[in-house]
Amino acid sequence: VGYNFGASTSVEQIGIEGQCTNGTPSYGAWWETYPDPETPISFTVSAGDAITADVFWDSTRTVAQGQYDLALTDVTTGQTFNQYEACAATTCANSSAEVITEAPAVGTATLPLADYGISNYENIAVTDRSGQRASFGSSDWVNTEVEQLDSTGSTVVSAPGPLFGGQAFSSYWYAEGNTPPSS
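How each quantity is defined
- Residues numbered from 1 in each chain as written.
- Predicted model: local features only at pLDDT ≥ 70, side-chain atom pairs only at ≥ 80, totals over all residues.
- Heavy atoms only, no water.
- Pairing = 2+ DSSP bridges.
- Helix = DSSP H or I, 4+ residues; strand = E, 2+ residues; numbered from the N terminus.
- Axes fitted to C-alpha atoms, helices over the stretch in contact; angles between N-to-C directions.
- Core = buried A, V, L, I, M, F, W, Y, C linked by side-chain atoms within 4.5 Å.
- Buried < 20%, exposed > 50% of the residue type's maximum accessible area, 1.4 Å probe, protein only.
- Contact = heavy atoms within 4.5 Å.
- Polar contact = N/O pair within 3.5 Å; in protein donor to acceptor, adjacent residues only side chain to side chain.
- Phe/Tyr/Trp six-rings, centres within 6.5 Å; stacked < 30°, edge-to-face > 60°.
- Lys NZ or Arg CZ within 6 Å of the ring centre and 35° of its normal.

### A closer look at the sheet that holds strand β1 (residues 11–21)
Step number 1: Taken in spatial order, the three strands line up as β1-β2-β3 in an open sheet, and their pairing is antiparallel. Looking along the sheet, the strands with just one partner apiece sit at the ends: β1 and β3 (39–41). Each neighbouring strand pair of the sheet contributes to a mean axis angle of 35°, computed without reference to strand direction.
Step number 2: Of the strand pairs in this sheet, strand β2 (residues 24–34) and β3 are connected by three bridges, and their pairing is antiparallel. By the bridge assignment for β3, W31 is matched with T39.

Here it is as structure tokens:
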């Protein structure tokens, strides 16, 4: 439900996924306004593609028009997706913004995290309700690094590296027994 799940029961997100079934990788794109389920995007994604993803809350639009602008572009292939959606929860708190690599959840179970090696995130910025736009490094935001643990809750399987210039970082997959670098 997002990092700050105590403050909000909603998540408005867009992204790409990669999964391995019997050693065969497959990739796709999706959007979600939780608690509604993910919706696939008709888009071909390949390993190594450069992707841009944006979620904006537009206070000038009504709930009926959809206030969340979900946009995804595969820079490598030129494919684009852009759609406005309404909040799927009774109340949307707009309480956090995340850039994350994570294992998918099915119900209350988290699936195993595939060995993705490294994911790089660049040109990250957050815009608040007043229109202030700043990088993660801004003193206006509270930053929290999120490490993903395995299903036992005892082993780190994914963790971010250090923040570069407030607007870039890499996320690393860890084999069992490896430890993430300190930031």
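### Details of the nonpolar core
Step number 1: By size, the foremost hydrophobic cluster in this structure holds nine residues: I14, A29, W31, I41, F43, V45, L70, L72 and F81.
Step number 2: Of all the secondary structure elements, the ones that give two or more residues to this core are β2 and β5 (68–74).
Step number 3: Residues in contact with I41, not counting those within four places in the same chain, are I14, A29, W30, W31, L72 and F81.
Step number 4: Within the second largest apolar cluster, seven residues are counted, among which are I124, V126, W141 and F169.

### A closer look at the sheet that holds strand β13 (residues 156–160)
Step number 1: Taken in spatial order, the four strands line up as β9-β14-β13-β12 in an open sheet, and their pairing is antiparallel. Two strands bound the open sheet, and with one partner strand each, they are β9 (118–121) and β12 (148–149).

### A look at the side chain of S171
Step number 1: Looking at the secondary structure, you find S171 in strand β14 (residues 169–173).
Step number 2: Here the side chain of S171 touches T101 through a polar contact of 3.4 Å, side chain to side chain.

### Quick word on the packing of aromatic side chains
Step number 1: The tally for this structure, following the rule as stated, stands at two aromatic pairs.
Step number 2: Here the aromatic rings of Y172 and Y174 are separated by 6.4 Å at their centres, their planes lie at 45°, and the arrangement is tilted.
Step number 3: The exposure class assigned to Y172 is partly exposed, which follows from its relative accessible area of 26%.
Step number 4: Residue class for Y174 comes out buried when judged on its relative accessible area of 8%.
Step number 5: Above the plane of the ring of Y84 lies R61, whose end atom (NZ or CZ) is 3.5 Å from the centre.

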